[in-house]
Protein chains: 2
Amino acid sequence: MTHGWEDIRADVLRRIRSREWPPGGLIPGEETLAAEFGVARATVNRALTALAEAGVIERKKRAGTRVAELPVRRARLEIPVIRLDVLGRGLAYDFKLLADRMGPAPVPVTARLGLPEATPMRYLETLHLAGGRPFVHEARWLNPAALQGATPDFATISANEWLVTEVSLVSGDIAFTAEDASPREAEVLGVAPGAALLIAERTTHGTLGPITWVKLAHAPGHRVSMTF
Amino acid sequence: MTHGWEDIRADVLRRIRSREWPPGGLIPGEETLAAEFGVARATVNRALTALAEAGVIERKKRAGTRVAELPVRRARLEIPVIRLDVLGRGLAYDFKLLADRMGPAPVPVTARLGLPEATPMRYLETLHLAGGRPFVHEARWLNPAALQGATPDFATISANEWLVTEVSLVSGDIAFTAEDASPREAEVLGVAPGAALLIAERTTHGTLGPITWVKLAHAPGHRVSMTF
DNA sequence: TTGGCTAATATGTCTAGACATAATGCCTGT
DNA sequence: ACAGGCATTATGTCTAGACATATTAGCCAA
């Protein structure tokens with residue numbers, strides 16, 4: 001009965017779920033568990049580290065390991081390139097570049113990126129198509145100062161895809177909201193004005209500073225799903 | 001110098017970002033890196049394992065480690081109990097139980113949970129309030145067969161919170177969509193019918209089978225944000 | 001009582017070595 | 001040429017021991 005670290009993780013999880021080790025309670029130390037399972041302490045440590053990353057337990061030096069009071073559920077979202085998202089649904093992908101111009105970025109954009117007001121940025125508007133039908137409307141402000149080297153022709157490769165593969169992103173955040181379709185979005189997506197749209201707003205930062213702010217307006221019925 | 005596994009992770013990440021190791025390319029083996037950094041192989045392994053979990057590299061036995069072609073961005077969503085979400089925004093929390101009855105669950109619900117059609121389930125409708133104003137409307141179908149022991153008075157503790165703390169959840173999924181407010185939702189949330197609402201639909205499964213399906217309709221303006 | 005120092009302790013990390021496992025690709029025999 | 005089998009190799013995991021680090025409890029002094 002050799003125990004791998006995954007077996008130990010499973011067994012600890014079982015005891016937590018069965019309330020043998022109740023929420024908020026201390027669980028035995030690594031040394032104790034190692035003796036009980038008949039493995040080295042490092043193996044127990046591997047298992048408990050994984051559980052801590054999953055939010056099931058909380059570990060503190062000297063204080064020991066305790067079961068999380070309110071097990072925060074963590075769901076992982078995998079953000080694909082839009083092209084692959086569409087192809088993954090078994091539909092043909094295409095996109096149209098609707099606008100590409102330089103101009104002073106609006107205040108909400110510069111504010112979120114931490115740039116001075118009215119910083120000159122590049123505005124790109126793209127409509128992504130799935131099976132010939134509107135899929136996502138993308139409105140993007142790009143900070144040229146954060147890009148080294150030449151940018152490609154965004155009518156040939158979508159900004160969405162080029163950024164993911166060619167630019168060194170460091171960090172970012174994504175927020176989902178629901179909004180009534182603006183007249184422009186309604187027209188481009190081919191829906192009634194005021195229809196409920198799922199909006200994803202993303203900011204990304206790179207080594208050379210803030211890179212881009214993008215608002216993705218999804219066609220009605222779009223689902224973003226995650227597992228936990 | 002580089003000594004800890006986090007330093008090594010950072011350095012490998014830097015080389016990937018600088019294109020020293022380009023996307024799709026093989027990176028040196030653990031033994032080589034260990035010698036280069038002057039650490040044990042296990043330390044390099046720790047660093048590379050972390051990067052693989054983050055989706056930056058892909059590792060295969062015998063084939064080696066290569067930089068991911070399309071670095072799938074993974075964002076982590078922490079799903080809090082609604083009460084804590086509200087309190088975290090600095091607002092007072094309250095909730096009202098609007099409905100609590102048994103009845104045959106609708107087909108979409110049983111289908112998603114993998115239960116026979118018209119399984120008798122408990123329907124709970126709750127309005128969560130933040131600072132006295134409607135925050136989230138919760139429509140929940142609960143499978144009594146998957147719950148062992150007594151259920152509490154859901155007028156005293158919200159189902160949302162009780163389930164998280166008292167039931168052994170095993171797995172589940174969550175999906176976000178945007179929907180026009182139904183007449184019922186509009187009335188309860190105090191918004192115009194047809195207003196765009198951010199919807200979160202969750203199913204959860206436990207050791208005794210499917211536990212619950214819930215639809216959360218958020219008040220306009222609600223943002224669900226994640227970092228990556 | 002209060003503040004700060006100290007020792008004890010549980011987790012965090014590292015090492016060196018070993019064996020396990022899964023792909024790969026070569027090397028057979030047909 | 002081809003299929004199957006086998007050796008090679010890089011990652012995956014484990015061990016036993018050591019030292020590092022954070023945190024707490026207790027003690028002592030002002």
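Everything below is about the structure printed above this text.
Worth saying up front: this structure is predicted, and the values here are computed from it rather than measured. (Residues numbered from 1 in each chain as written. Chains lettered and ligands numbered in written order. Predicted model: local features only at pLDDT ≥ 70, side-chain atom pairs only at ≥ 80, totals over all residues. Heavy atoms only, no water.)

Enquirer: I keep staring at the sheet that holds strand β1 (residues 26-27) of chain B and nothing clicks. Help me out?
Expert: Within a sheet, adjacent strands bond to each other through the backbone by hydrogen bonds, running parallel or antiparallel. Residue and element names in this part refer to chain B. Taking strand neighbours across the sheet as the criterion, the 3 strands line up as β1-β3-β2 in an open arrangement whose pairing is antiparallel. Whereas interior strands pair on both sides, the edge strands pair on one side only; in this sheet they are β1 and β2 (57-60). Pairing of β1 with strand β3 (residues 64-67) involves 2 bridges; the strand directions are antiparallel. By the bridge assignment for β3, Leu-26 is matched with Arg-66. Contacting β1 and β2, helix α3 (residues 41-53) crosses the sheet at an angle of about 115° to β2. (Pairing = 2+ DSSP bridges. Helix = DSSP H or I, 4+ residues; strand = E, 2+ residues; numbered from the N terminus. Contact = heavy atoms within 4.5 Å. Axes fitted to C-alpha atoms, helices over the stretch in contact; angles between N-to-C directions.)

Enquirer: Please explain the interface of chain B and chain A as it appears in this structure.
Expert: In many reports, interface size means the accessible area that the parts give up when they come together. The interface of chain B with chain A comprises 50 residues on the first partner and 52 residues on the second. The junction of chain B with chain A conceals about 4,600 Å² of combined surface from both sides, 54% of it contributed by carbon and sulfur atoms. For chain B, the biggest contributors to the area lost against chain A are Arg-73, Arg-223 and Phe-228 of chain B; these three give 15% of the whole. The tally of links from chain B across to chain A stands at 4 salt bridges. Among the salt bridges present, the one from Glu-201 of chain B reaches Arg-223 of chain A, with a minimum N-O distance of 3.5 Å. Viewed at the interface, chain A and chain B are joined by 10 residue pairs in polar contact (both at pLDDT 80 or more). Looking at the side of chain B that touches chain A, the elements that each hand over two or more residues are α3, β4 (73-79), α6 (159-166), β8 (169-180), β9 (196-206) and β11 (224-227) of chain B. Among the elements that take part in the side of chain B that touches chain A, β8 of chain B stands out by supplying 12 residues, more than any other. Here the residues of the side of chain B that touches chain A are counted per class, giving 23 nonpolar, 12 polar and 15 charged. As judged from the 7 bridges shared by strand β4 (residues 73-79) of chain A and β4 of chain B, these two strands associate in the antiparallel manner. Paired with Arg-73 of chain A across the strands is Ile-79 of chain B, a residue of β4 of chain B. (Buried area = accessible area lost by both parts, 1.4 Å probe. Salt bridge = Lys/Arg side-chain N within 4 Å of Asp/Glu carboxyl O. Polar contact = N/O pair within 3.5 Å; in protein donor to acceptor, adjacent residues only side chain to side chain. Nonpolar A, V, L, I, M, F, W, Y, C, P; charged D, E, K, R; others polar.)

Enquirer: I'm lost on the packing of aromatic side chains in this one. Help?
Expert: A complete count under the given rule lists 7 aromatic pairs over all chains for this structure. The interplanar angle of 5° and the centroid separation of 6.0 Å between the aromatic rings of Phe-176 of chain A and Phe-176 of chain B together place this pair among those described as stacked. On the criterion of chain membership, the pair formed by Phe-176 of chain A in strand β8 (residues 169-180) and Phe-176 of chain B in strand β8 is interchain, its members lying in two chains. A residue is classified by how much of its surface remains accessible, and Phe-176 of chain A, at 3% relative accessible area, is buried. Positioned over the ring face of Trp-5 of chain A is Arg-46 of chain A, at 4.2 Å from the centre of the ring. (Phe/Tyr/Trp six-rings, centres within 6.5 Å; stacked < 30°, edge-to-face > 60°. Buried < 20%, exposed > 50% of the residue type's maximum accessible area, 1.4 Å probe, protein only. Lys NZ or Arg CZ within 6 Å of the ring centre and 35° of its normal.)

Enquirer: I would appreciate a short explanation of the protein's contact with DNA strand C in the present structure.
Expert: If you check the shell around DNA strand C, you find 23 residues, and the closest are Arg-41 and Arg-59 of chain A together with Gly-4, Trp-5 and Thr-43 of chain B. Taking the atoms of DNA strand C that fall within 4 Å of the protein, sugar and phosphate contribute 68% of them. In this structure, Trp-5 of chain B approaches DNA strand C through a main-chain N or O atom, which is 2.6 Å from a phosphate oxygen. With respect to DNA strand C, the side chain of Thr-43 of chain B contributes an N or O atom lying 2.4 Å from a phosphate oxygen. Within the residue set of the surface near DNA strand C, elements represented by two or more residues are α3 (41-53), β2 (57-60) and β3 (64-67) of chain A together with α3 of chain B. The dominant element in the surface near DNA strand C, judged by the number of residues it contributes, is α3 of chain B, at 4 residues. Counted by class, the surface near DNA strand C contains 4 nonpolar, 8 polar and 11 charged residues. (Near = heavy atom within 4 Å.)

Enquirer: Explain the protein's contact with DNA strand D to me, please; I cannot follow it from the model alone.
Expert: Inspection of the region around DNA strand D gives 23 residues, with Gly-4, Thr-43 and Arg-62 of chain A together with Arg-59 and Arg-62 of chain B positioned closest. Expressed as a percentage, the sugar and phosphate content of the atoms of DNA strand D within 4 Å of the protein is 70%. Here a phosphate oxygen of DNA strand D sits 3.4 Å away from a polar atom, N or O, in the side chain of Arg-46 of chain A. Between DNA strand D and Thr-65 of chain B, the relevant distance is 2.9 Å, taken from a phosphate oxygen to a side-chain nitrogen or oxygen of the residue. Every element with two or more residues in the surface near DNA strand D is listed here: α3 of chain A together with α3, β2 and β3 of chain B. Broken down by element, the surface near DNA strand D gets its largest block of residues, 4 residues, from α3 of chain A. Here the residues of the surface near DNA strand D sort into 4 nonpolar, 8 polar and 11 charged.

Enquirer: In this structure, what is going on with the packing of helix α1 (residues 5-17) of chain A against α3 of chain A? I would like to understand it.
Expert: Two quantities define a packed helix pair, namely the angle between the axes and the distance from one axis to the other. Residue and element names in this part refer to chain A. Viewed as axis vectors pointing N to C, α1 and α3 meet at an angle of 55°, and their least axial separation amounts to 8 Å. When the axes of α1 and α3 are compared, the pair comes out oblique. Of the two possible hands of crossing, α1 and α3 adopt the one that is right-handed. Across from Trp-5, Ile-8, Arg-9, Val-12 and Leu-13 in α1, the residues of α3 making contact are Thr-43, Arg-46, Ala-47, Leu-48, Ala-50 and Leu-51. Residue composition of the contact of α1 with α3, by class: 8 nonpolar, 1 polar and 2 charged. (Parallel < 35°, antiparallel > 145°, perpendicular 65-115°, else oblique. Left-handed = near helix turned anticlockwise from the far one by under 90°.)

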